[in-house]
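This is what each chain is made of:
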Protein chains: 2
Amino acid sequence: MDPRISIITIAVDDLDRMAAFYEAMGLVRHRIRDGVAFFQMGGAILSLFPRASAEKDAGIAFGTAPPRVYLAYNTRTEAEVGEVLALAESSGGRIVKPAGRAFWGGWYGYFADPEHNLWEVAHNPDFPLDAEGRISLPA
Amino acid sequence: MDPRISIITIAVDDLDRMAAFYEAMGLVRHRIRDGVAFFQMGGAILSLFPRASAEKDAGIAFGTAPPRVYLAYNTRTEAEVGEVLALAESSGGRIVKPAGRAFWGGWYGYFADPEHNLWEVAHNPDFPLDAEGRISLPA
């Protein structure tokens, strides 16, 4: 396998509510077909797909607790961390951990979307972002 | 929020076992500090972080069922789908759904890593991959 993750899917209980949340966060929904919401995220895709459809397709029952797979949005400045957390709250999410100093030296916090999926929001100068927003591990 | 996902974290029960699985899949582990495994995945990062550490950091208890957030690896050819599924099995994962025709027209299947995190493996000619492996939604 080559080093890429193409699509990150969140199996959702309420597609309209979840799509509205991510649109309120500033993302642009692409309507390719009904019953799924796609967002182009740089060189990857975020997909919202109804839980029942996803479970039927994979033949797996997902849990209802917050998933142990979670996402991070890295910012270009420390100030942006609080701004993104505030935007998540005003968009219908919840601030799980307010912005503060991280044990690894950066500035960070967490929010959850309306279905309790966790996002870390972090400024980490050791993991640089290029002009396109691509992140790199330190050399 | 700009359209990017910087880091995808899997909160793991057994870091060594899970890191060994992803290394067997062909990914390269970067050792930046103990207690976490990082993999550069194109313009994003895959992180394996012990569940207890992640739960303490976020103040959230994750579920134990297969997470409803899951990942997809898109291939350049149909033949690669079966190859990646077979590699997952020989690396210590499980084929959840063998390669076959998808309802959306492509060729795909699913595997689970050793801790039951789901990956879709898909060839979807409607979502092109560029030379660097970046995926795009249809225009």
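Each value, and the rule that gives it
Residues numbered from 1 in each chain as written. Chains lettered and ligands numbered in written order. Predicted model: local features only at pLDDT ≥ 70, side-chain atom pairs only at ≥ 80, totals over all residues. Domains from an automatic or database assignment. Contact = placed C-beta atoms within 7 Å. Helix = DSSP H or I, 4+ residues; strand = E, 2+ residues; numbered from the N terminus. Nonpolar A, V, L, I, M, F, W, Y, C, P; charged D, E, K, R; others polar. Buried ≥ 20, exposed ≤ 12 C-beta atoms within 10 Å, placed from the backbone. Arc of directions from axis to C-beta. Pairing = 2+ DSSP bridges. Axes fitted to C-alpha atoms, helices over the stretch in contact; angles between N-to-C directions. pLDDT = per-residue confidence, 0-100. Least-squares fit on C-alpha atoms with pLDDT ≥ 70 in both.

Caption draft 1: Focus on the domain arrangement of chain A. Residues and elements named next belong to chain A. Segmentation of chain A into domains returns domain 1 (1-57) and domain 2 (69-130). Relative to domain 2, the C-alpha centre of domain 1 lies at a distance of 20 Å. Across the contact, 9 residues belong to domain 1 and 10 residues belong to domain 2. Contributions of two or more residues to the side of domain 1 that touches domain 2 are made by β1 (7-12) and α1 (15-24). Looking at the side of domain 1 that touches domain 2, the element that brings in the most residues is α1, giving 4 residues. Class assignment of the residues belonging to the side of domain 1 that touches domain 2 gives a composition of 7 nonpolar, no polar and 2 charged.

Caption draft 2: Seen up close, α1(A). Residue and element names in this part refer to chain A. What α1 keeps buried is the set M18, F21 and Y22. Each buried residue of α1 sits inside an arc of 90° when the element is viewed along its axis, so together they form one side. Summarising the contacts, the buried residues of α1 are in contact with β1, β3 (37-41) and β4 (44-50). Looking one or two places after α1, you find G26, whose phi comes out positive at around 110°.

Caption draft 3: Region of the structure containing the sheet that holds strand β5 (residues 69-74) of chain B. Strand order in this open sheet of 8 strands is β2(A)-β3(A)-β4(A)-β1(A)-β5(B)-β8(B)-β7(B)-β6(B), and the pairing throughout is mixed. Bordering the open sheet on either side are β2 (29-30) of chain A together with β6 (94-101) of chain B, each of which pairs with just one other strand. Taken together, the 4 bridges between β5(B) and strand β8 (residues 118-123) of chain B define a ladder with parallel strand orientation. If you follow A72(B) over to β8(B), its bridge partner there is E120(B). Packing against the sheet, α1(A) makes contact with β1, β2, β3 and β4 of chain A, and its axis sits at approximately 150° to β4(A). Packed on one face of the sheet, helix α2 (residues 51-58) of chain A meets β1 and β4 of chain A together with β6, β7 (107-112) and β8 of chain B and runs near 100° to β4(A).

Caption draft 4: Representation of the confidence of the model for chain A. Taken as a whole, chain A shows an average pLDDT of 97; of its residues, 100% reach a score of 70 or greater. This prediction of the complex comes with two scores: 0.97 for pTM and 0.96 for ipTM.

Caption draft 5: How the structure looks around the relation of the copies chain B and chain A. Expressed as a screw transformation, the operator carrying chain B onto chain A has a rotation angle of 180° and an axial translation of 0.0 Å, and the superposed copies differ by an RMSD of 0.0 Å. This pairing of chains is accounted for by a two-fold axis. No C-alpha of chain B approaches the rotation axis more nearly than that of P67(B), which lies at 2.3 Å. When the interface residues of chain B are mapped onto chain A, 100% of them are again interface residues, pointing to one common binding face.

Caption draft 6: Spatial organisation of the environment of K56(B). Residues and elements named next belong to chain B. Checked against the element boundaries, K56 lands in helix α2 (residues 51-58). Take K56: there are 10 C-beta atoms within 10 Å of it, and that puts it in the exposed class. Each C-alpha atom of the pair K56 and D34 lies 17 Å from the other, and the pair is 22 residues apart in sequence.

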